[in-house]
Amino acid sequence: MLIRSIFLMTLLLSANSAWAEPKSATDKIVDRFLELDQDASEGVSLDEYLLMVNERAKDRFKEIDANRDGEVTDPEYRDFWQQKKAQWYRLER
Ligand SMILES: [Ca+2]
Ligand SMILES: [Ca+2]
């Protein structure tokens, strides 16, 4: 009887870890954010955060600066904005 319950306990415990709680959407977002932690301090410093922000800003800038001359002109920004507006409009529908 005792062996049987130990066996069941073991089964339950291993089942528990095998089917661990699925991660919530928030858990996944927090995990993604903490991937910014470059020095494994288990926290994201302003510098670590800015690395990501700067990368994204650079990518966005390159996207807007159609002729890649390092400057965004009125027509370039106008085109970018019209495209984005059209995309967002399609997503909303
Ligand atoms: Ca850190
Ligand atoms: Ca340009």
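Procedures and definitions
Residues numbered from 1 in each chain as written. Chains lettered and ligands numbered in written order. Predicted model: local features only at pLDDT ≥ 70, side-chain atom pairs only at ≥ 80, totals over all residues. Helix = DSSP H or I, 4+ residues; strand = E, 2+ residues; numbered from the N terminus. Buried ≥ 20, exposed ≤ 12 C-beta atoms within 10 Å, placed from the backbone. Expected span 1.5 Å × (residues − 1).

Student: Before we move on, could you go through the overall build of the protein chain and cite the residues and values that matter?
Tutor: Each helix and strand counted, the protein chain has 4 helices and 0 strands in total. Residue burial in the protein chain is summarised as follows: out of 93 residues, 0% are buried.

Student: Give a detailed account of the environment of Met52, specifying residues and quantitative values.
Tutor: With respect to the helices, strands and loops of the structure, Met52 is situated in helix α3 (residues 46-64). As for Met52 and Phe33, which are separated by 19 residues in sequence, their C-alpha atoms are 9.8 Å apart.

Student: Tell me about the environment of Asp79, and please be specific about residues and values.
Tutor: In this structure, Asp79 sits in helix α4 (residues 74-92). Counting along the chain gives 13 residues from Asp79 to Ala66, while the straight-line C-alpha distance between them is 9.1 Å.

Student: Run through unusual backbone geometry, naming residues and quoting values.
Tutor: Backbone geometry places Glu42, a non-glycine residue, at a positive phi of 65 degrees. By secondary structure assignment, the location of Glu42 is in the loop between α2 (25-34) and α3. In this model, Arg68 sits at a positive phi of 55 degrees, which is unusual for a non-glycine residue. As for its position among the elements, Arg68 is in the loop between α3 and α4.

Student: Account for α3, with residues named and values stated.
Tutor: Counted at 1.5 Å a residue, the expected span for α3 with its 19 residues is 27 Å, and the 26 Å between its end C-alpha atoms agrees. Within α3, only 0 of the 19 residues are buried, which leaves it mostly out in the open.

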